Amino acid sequence: MRTELKTALLAGALSAAVASAALAQSATSVGSGGASVGAGGSAATGGTSGSAAVGGTSATTLGTGGTSTSPTGTTSSTLGTAGSAAGGTRDMSKSKVNGNANNLNGHSMARAQDRGTWSHSMTHTKVHKGEVQSRTRTMAHQRGGPPVKSTTGINTGQ
């Protein structure tokens, strides 16, 4: 009888811990970038990403860019961005890149929503004048409380 009672109490404590962990909110973002200048030209690369999750919903975005300039002044640049959302009853994500050889801009946004619970992430990345700039903001919100937020930005020109 004592063993059964201990097992029942342990099972109840574990299920309560799992239930409270399932309701935890999380919002994180990270970024990295670097630049170099030398006799062979200059280069810069960097990006940011982030993820938010709460109540079974999740949203993630990222953006990365790179640029290089040869000693003769020829410039080559690249930019990529993406996002995804899952777990909600109303999920959406969109990404867009536009610009020209001198100026690239990328935007990604993802949002997963289930009634008053939602996860949201957005990233803006820019490659311009030999620099890479990127910023990611993430937010997670559960009905009845304040949202948790995280923001990360990089600028290889500074």
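For the structure itself, consult the block above.
Reading guide: rules and limits
Residues numbered from 1 in each chain as written. Predicted model: local features only at pLDDT ≥ 70, side-chain atom pairs only at ≥ 80, totals over all residues. Heavy atoms only, no water. Pairing = 2+ DSSP bridges. Helix = DSSP H or I, 4+ residues; strand = E, 2+ residues; numbered from the N terminus. Axes fitted to C-alpha atoms, helices over the stretch in contact; angles between N-to-C directions. Buried < 20%, exposed > 50% of the residue type's maximum accessible area, 1.4 Å probe, protein only. Contact = heavy atoms within 4.5 Å.

Caption draft 1: Highlighting the sheet that holds strand β3 (residues 57-69). Taking strand neighbours across the sheet as the criterion, the four strands line up as β1-β2-β3-β4 in an open arrangement whose pairing is antiparallel. Looking along the sheet, the strands with just one partner apiece sit at the ends: β1 (26-38) and β4 (75-86). Strand-to-strand, the axes of this sheet are offset by a mean angle of 0°, without reference to chain direction. Relative to β4, β3 is paired through 12 bridges, and the arrangement is antiparallel. Bridged to T64 within β4 is G80.

Caption draft 2: Structural detail: the environment of S68. With respect to the helices, strands and loops of the structure, S68 is situated in strand β3. What makes S68 partly exposed here is its relative accessible area of 33%. Those residues in contact with S68 that lie beyond four places of it in its chain are S42, A43, T74, T75 and S76.

Caption draft 3: Seen up close, the side chain of H120. Among the structural elements, H120 can be located in strand β7 (residues 117-128). Assessed through its relative accessible area of 10%, H120 is described here as buried. Once residues within four sequence positions are removed from consideration, H120 is found in contact with A52, A59, M109, A110, R111, R137, T138 and M139.

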